[in-house]
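Residue-level listing of the chains:
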Amino acid sequence: MRLRQVTVVAAALGLLCVPAQAEARDISRDTLAADDGWAAYGTGTTGGAAADDAHVYTVTDRAGLVRALDGGSDTPKIIKIAGTIDANTDDDGDHLDCADYATDGYRLKKYLAAYDPRTWGSAKPSGPQEEARQASAAAQAERIVLPVGSNTTIVGLDKAVLKGASLQVRNADNVILRNLDLRDAYDCFPVWQPNTGGLGDWKTAYDTIWLNGATHVWVDHVTASDQGHPDSAEPTYFARNYLRHDGLLDITNGSDLVTVSWSRFAGHDKAMLVGSGDTATGDRGKLRVTLHHNQFESVVQRAPRVRFGQVHLYDNRYVVPEGAEYRYSLGASTESALYAENNAFHTPGHVEVADLVKSWNGTALHQSGTLFNGRPVDLLAIYNAYNSGSERDLTADVGWTPTLHTKIDSAAVADREVARGAGAGRIP
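One numbering rule holds for all chains: residues counted from 1, following each sequence as written. For this predicted model, a pLDDT threshold of at least 70 governs which residues receive local features, and a threshold of 80 or more governs which side-chain atom pairs are given and counted, while totals over whole chains, interfaces and linings are taken from all residues. With hydrogens and water stripped out, all remaining heavy atoms of the structure feed into the side-chain values.

Further remarks concern the pattern of salt bridges. Salt bridge, as used here, is a side-chain nitrogen of Lys or Arg placed within 4 Å of a carboxyl oxygen of Asp or Glu. For the structure on display, the rule yields 20 salt bridges. Across the salt bridge formed by Lys203 and Asp246, the nearest N and O atoms sit 3.7 Å from each other. Taken together, the residues Lys203 in strand β11 (residues 201–203) and Asp246 in the loop between β16 (240–241) and β17 (249–252) connect sequence positions 43 residues apart. Among the ionic pairs, Asp409 bridges to Lys407, the shortest N-O distance being 2.5 Å. Residue class for Asp409 comes out buried when judged on its relative accessible area of 17%. By the criteria applied, helices consist of DSSP H or I runs no shorter than four residues and strands consist of E runs no shorter than two, each listed in order from the N terminus. Note on classification: 1.4 Å probe, protein chains only; a residue is buried when its accessible area is under 20% of the maximum for its type, exposed when over 50%, partly exposed between these limits.

Next comes the structure, spelled out in structure tokens:
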């Protein structure tokens, strides 16, 4: 009997005495390696590694996260997210839905009736319902837009989720975002834009991560998706999809020196934009971005679309499931200099090699080592041959050669490694 008691006690103690090597590694003070992409250039990227103990936070709700972010201050800080945080909550932690934000008489049904193109025409929406929409949108933005300041590291602990939020790194330097599962930056109040694309379109407000004038940013082992409210489940109004999400990661307004690694972008339409617009000359000489070992899965377009920037795209994995909507992956726009090597694409039969690239005023694309459904292909040659009758050829000379990068594997090796290792919860 006594032997059994000793055994039970020993077993119980074993549950409490977890070996040190079994504990999760603390990644909160990790910094970017010296050669790991454009974010390593110059001063490098250290995030909040210099934070003192008073500025290391573990947060479990929106209120705690807002306090830790400190209004986007420059104070070195480390923020660890534990559990699931919902940005759509009030100060007491109670969930808020779209009806809670609606104000000044806004109703979607009234909005649709007011701005139906058959009666309203092509003018920009104005009047009571548009004003009510703007006021309602401002109420939601106050909750879900979270400013990230300079010298900040935000990391997720085991299975951490941040949903409904738009993390905005605006005019800040030296930021690290790692091991985060970011979901559903859902816009309750999209605006109708009658003149967009000739047919009109719905414009949404929130990127899951928005780098706006940001420099030295490392995004690593992040999962970003629309999980919870996929746009494919939304209705159409005015014969256009009623989109609720903007980009998963947009890098605009003169942002510079960014590395995005080992992340997963999934279940989304316009995933990643580099550059503000075709006339945004303030982006010229900036927008230097490295994208490596990322997975783009069920992404319709913009993976990425590049204007102006020098973007190094290597060892990434693209997956288009059977039956999924798809337009293109690599977008070459005004003065873009996209250097793509050793990327692997998996697509169903209706997607051809030439479909992987789309050009808007682009002039060049470097590509090498591309795998398409397991076969090596010359992506540039096939694109030019296929589109020679409708678009000007892209040249292979993008005017630069990347020098800041980690080991570049073959596309076949990277394909396997990324499938296993990309996304939140997969840091070795």
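Only Phe, Tyr and Trp rings are paired, with Trp represented by its six-membered ring, and only when their centres lie within 6.5 Å; those with planes under 30 degrees apart are stacked, over 60 edge-to-face, the remainder tilted. Taken as a whole, this structure holds 18 aromatic pairs when the rule is applied. Ring centres of Tyr111 and Trp202 lie 6.3 Å apart, and the angle between their planes is 40°; on these two criteria the pair is classed as tilted. Residue Tyr111 is located in helix α4 (residues 108–114), and its partner Trp202 is located in strand β11; the two are separated by 91 residues in the primary sequence. Each member of the pair, Tyr111 as well as Trp202, is classed as buried. Ring centres 5.1 Å apart and planes at 65° place the aromatic pair Tyr328 and Trp360 in the edge-to-face group. Of this pair, Tyr328 sits in the loop between β25 (317–319) and β26 (330–332) while Trp360 sits in the loop between β29 (357–359) and β30 (365–368); the two residues are 32 residues apart in sequence, bridging distant segments of the chain. Among the residues examined, Tyr328 registers a relative accessible area of 3% and is labelled buried. Three or more aromatic residues joined by ring pairs form one cluster here, namely Tyr106, Tyr111, Tyr115, Trp120, Phe189, Trp192, Trp202, Tyr237, Phe238 and Tyr242. A ring has a charge above it when a Lys NZ or an Arg CZ is no more than 6 Å from the ring centre and no more than 35 degrees off the ring normal. Sitting above the plane of the Trp38 ring, Arg288 keeps its charged end 5.2 Å from the centroid. Its end group placed over the ring of Tyr41, Arg288 keeps NZ or CZ at 5.3 Å from the ring centre.

A word on the sheet that holds strand β4 (residues 145–147). Pairs of strands are assigned from DSSP output, requiring at least two bridges between the strands. Read across the open sheet, the eight strands follow the order β4-β7-β12-β17-β20-β23-β26-β29; overall the sheet is parallel. At either end of the open sheet lies a strand with only one pairing partner, and these are β4 and β29. Sheet topology places strand β12 (residues 209–212) next to β17; four bridges connect them, and they run parallel. When the sheet's bridge partners are listed, Asn212 is paired in β17 with Thr252. Residues count as neighbours in contact if any of their non-hydrogen atoms are within 4.5 Å of one another. Axes, fitted as lines to C-alpha atoms, cover a helix only where it is in contact. Angles between the N-to-C directions of the axes lie from 0 to 180 degrees. The strands touched by helix α6 (residues 128–144) are β4 and β7 (166–170); relative to β4, the strand with the most contacts, the crossing angle is about 45°.

Moving on, we come to the pairing of strand β1 (residues 56–59). Judged from the four bridges that link them, β1 and strand β2 (residues 77–81) form a sheet pairing that is parallel. Bridge pairing links Tyr57 to Ile79 in β2. Crossover β1 to β2 through helix α2 (residues 62–69) is right-handed. By definition, the crossover connecting two strands over a helix is right-handed if that path, from the first strand to the second, turns clockwise as seen with the strands pointing away from the viewer.

What follows concerns helix α7 (residues 379–387). Those residues of α7 not exposed but buried are Leu379, Leu380, Tyr383, Asn384 and Asn387. Taken end-on, α7 shows its buried residues confined to a sector of 125°, consistent with a single buried face. What points out from α7, more than 90 degrees from its buried face, is the exposed set Ala385 and Tyr386. Looking at the buried residues of α7, the elements they touch are β26, β29, β30, β31 (370–372) and β32 (375–377). It is the directions from the helix axis to the C-beta atoms whose arc is reported.

This next bit is on the state of the cysteines. Simply put, the disulfide is a covalent bond whose two ends are the sulfur atoms of two cysteines. Throughout, a disulfide means two cysteine sulfur atoms within 2.5 Å of one another. For the structure on display, the rule yields one disulfide. Covalent S-S linkage joins Cys98 and Cys188, the inter-sulfur distance amounting to 2.0 Å. Because the torsion about its S-S bond is -80°, the bridge between Cys98 and Cys188 counts as left-handed. One end of the pair, Cys98, is in helix α3 (residues 98–101); the other, Cys188, is in the loop between β9 (181–183) and β10 (191–193), and 90 residues separate them in sequence.

Once that is clear, we can look at the confidence of the model for the chain. Mean pLDDT over the chain: 93, with 94% of residues reaching 70 or higher. Confidence over residues 1–22 falls short of pLDDT 50; this stretch has one contact with residues more than four positions distant or in other chains. Along the chain, pLDDT gives the predictor's confidence residue by residue, from 0 to 100.

Among all positions in helix α8 (residues 411–421), only Ala411, Ala414, Asp415, Val418 and Gly421 are buried. Across the axial projection of α8, the buried residues extend over an arc of 160°, all falling on one side. Looking at the residues trailing α8, positive phi occurs at Gly423, about 110°.

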